[in-house]
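Topology and contacts: notes
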Amino acid sequence: MAEERLQKVLAAAGVCSRRQAEKLISDGRVTVDGQVVSTLGSKVDPARQKIRVDGHPLGQTGLVYYLLNKPRGYVTTMADPQGRPLVTSLLKGVKARVFPVGRLDIDTSGALILTNDGDLTQKILHPSHEINRTYLALVNGRPSEAQLDALRQGILLEGRKTWPALIKVVGNDRDSTRIEITIHEGRKRQVRKMFAAIGHPVRELARTAYAKLELGNLPIGRFRELTPKDLEKLFL
Ligand code: URA
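Bear in mind that the values here come from a model prediction, so they are computed numbers and not experimental data. (Residues numbered from 1 in each chain as written. Predicted model: local features only at pLDDT ≥ 70, side-chain atom pairs only at ≥ 80, totals over all residues. Heavy atoms only, no water.)

Look at E130: it is not a glycine, yet its phi comes out positive at around 45 degrees. Among the structural elements, E130 can be located in the loop between helix 3 (118–125) and strand 10 (133–140). Judged by relative accessible area, E130 falls into the partly exposed class, the value being 42%. Of note, the phi angle at A211 is positive, near 55 degrees, even though the residue is not glycine. The topology assignment puts A211 in the loop between strand 15 (202–210) and strand 16 (213–214). Assessed through its relative accessible area of 18%, A211 is described here as buried. (Helix = DSSP H or I, 4+ residues; strand = E, 2+ residues; numbered from the N terminus. Buried < 20%, exposed > 50% of the residue type's maximum accessible area, 1.4 Å probe, protein only.)

Before going further, it helps to spend a moment on the pattern of salt bridges. In the structure shown here, the tally under the stated rule is 14 salt bridges. Close ionic contact of K23 with D27 constitutes a salt bridge, the shortest N to O distance being 2.7 Å. A residue is classified by how much of its surface remains accessible, and D27, at 40% relative accessible area, is partly exposed. For D80, the salt bridge identified is with R84, shortest N-O distance 3.0 Å. Residue classification places D80 among the buried positions, given a relative accessible area of 16%. In this structure R84 comes out as partly exposed when scored by relative accessible area, which is 30%. (Salt bridge = Lys/Arg side-chain N within 4 Å of Asp/Glu carboxyl O.)

Along helix 3, the residues classified as buried are G118, L120, T121 and I124. Viewed along the axis of helix 3, the buried residues span an arc of 160 degrees, placing them on a single side of the element. Those residues of helix 3 that are buried lie in contact with strand 7 (65–70), strand 8 (99–100), strand 9 (108–115), strand 15 and helix 6 (228–234). Its side-chain oxygen placed 3.2 Å from the backbone nitrogen of D119, D117 serves as the N-cap of helix 3. (Arc of directions from axis to C-beta. Contact = heavy atoms within 4.5 Å. Polar contact = N/O pair within 3.5 Å; in protein donor to acceptor, adjacent residues only side chain to side chain.)

Have a look at this one:
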């Protein structure tokens, strides 16, 4: 095999996305024949050279896909300087080095896909694919129909209008309302910011579906491998 850029080789081996590979390299976590290579664009010959990530040989592992019901209190990054629990620590028995597709806030629970398929991840996250994400939000008080309509049509958040959202009230209590909201953007803390913007902050947030994949009755903290049927729903 001809020489190829190290980040491309890592992504092709299913370690992570190209962008994440670049970070692994610049963080000095990748060695080639025992030497740390931290320069982006270095060329390697994977057939002849020994490439390791965090000391683990780059295997030709197959691509794997999981759906996790993330509990609150876990971060969706691959490392945490504050030592908070990582979602990947919940994938007991999974040997492949999987990473979350997109993010969920530490205080949000629900559907999170984890995979070592970097190409699929990039595709799913690309805004042009407008992948739906559905959340169940428990918000303070009772938003009026006019306020919900404003969210449906899109509101200005940090100078940029949100795309139209689907919103359904599913129940209310004396001082709170349960609302299902579907959006196809992945802006940071978007759902929380949207409800805060209309004066009804979120108390609890759970993602119930990602693309056409529903969490169903997967218990919190548990994961399952995606079936070929699930993957069909996911592949664009
Ligand atoms: N919107 C949020 O506010 N938080 C999430 O985790 C996901 C979407």
